[in-house]
Amino acid sequence: MLMRIVDWFKPPVFEGDGRITRKAGLVHLFIMTSLVFIVLLIGVDLLDKNIPTITIWVDCVLIVVTLGNLFLLRAKHVDLAGISVIGVGLVFVTVLTWSLGTIRTPSASFYL
């Protein structure tokens, strides 16, 4: 059971196709980094009493969508998973900015 969990954190390897394996490794890195970032962000949001509850729910939805991207990647839809990571990132920043009710300097610089 523990080995299955450890294998889940490894990037997928597609035998006989080095190009897709390399791309999958990069997309896997982005997805895992996003998951760590979102979990840390939820922790910070829970500690701050000024953050609206909807922001925490948006973060939870983002975890589910990011895990969906991971399943896409493991199903050998590497290009779709890569495009989805970028699109989800843009939508995520937009929705979080909306949920906070203001444009704050760090989130506004993402669009530049």
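This section reports on the structure supplied with the text. Values in this document were obtained by computation on a predicted structure and should not be read as measured data.

Observations regarding the overall build of the protein chain
At step 1: Within the protein chain one finds 5 helices and 0 strands.
At step 2: When the elements of the protein chain are put in sequence order from the N terminus, they spell out α-α-α-α-α.
At step 3: Seen through its principal axes, the protein chain has C-alpha atoms that stretch 50 × 35 × 15 Å.
At step 4: Expressed as a percentage of contacts within the protein chain between residues at least 6 apart in sequence, the contacts between residues at least 24 apart total 61%.
At step 5: Accessible surface, the protein chain as shown: approximately 7,700 Å² in total, 74% of it carbon and sulfur.
At step 6: Between the averaged position of the 9 positive side-chain charges in the protein chain and that of its 7 negative side-chain charges there is a distance of 4 Å.

Looking at the nonpolar core
At step 1: By size, the foremost hydrophobic cluster in this structure holds 21 residues, and its most contacted members are V27, I31, L73, V78 and F92.
At step 2: Put simply, the parts of the chain that give this core at least two residues each are helix 2 (18-47), helix 3 (53-74) and helix 4 (78-100).
At step 3: Ranked by residues supplied to this core, first place goes to helix 2 with 8 residues.
At step 4: Leave out the neighbours within four places in its chain, and V78 touches F14, I20, K23, A24, V27 and L73.

Conventions used here
Residues numbered from 1 in each chain as written. Predicted model: local features only at pLDDT ≥ 70, side-chain atom pairs only at ≥ 80, totals over all residues. Heavy atoms only, no water. Helix = DSSP H or I, 4+ residues; strand = E, 2+ residues; numbered from the N terminus. Contact = heavy atoms within 4.5 Å. Areas by Shrake-Rupley, 256 points an atom, 1.4 Å probe, with all protein chains shown as cover. Lys, Arg positive; Asp, Glu negative; His and termini not counted. Charge placed at Lys NZ, Arg CZ, Asp CG, Glu CD. Core = buried A, V, L, I, M, F, W, Y, C linked by side-chain atoms within 4.5 Å. Buried < 20%, exposed > 50% of the residue type's maximum accessible area, 1.4 Å probe, protein only.

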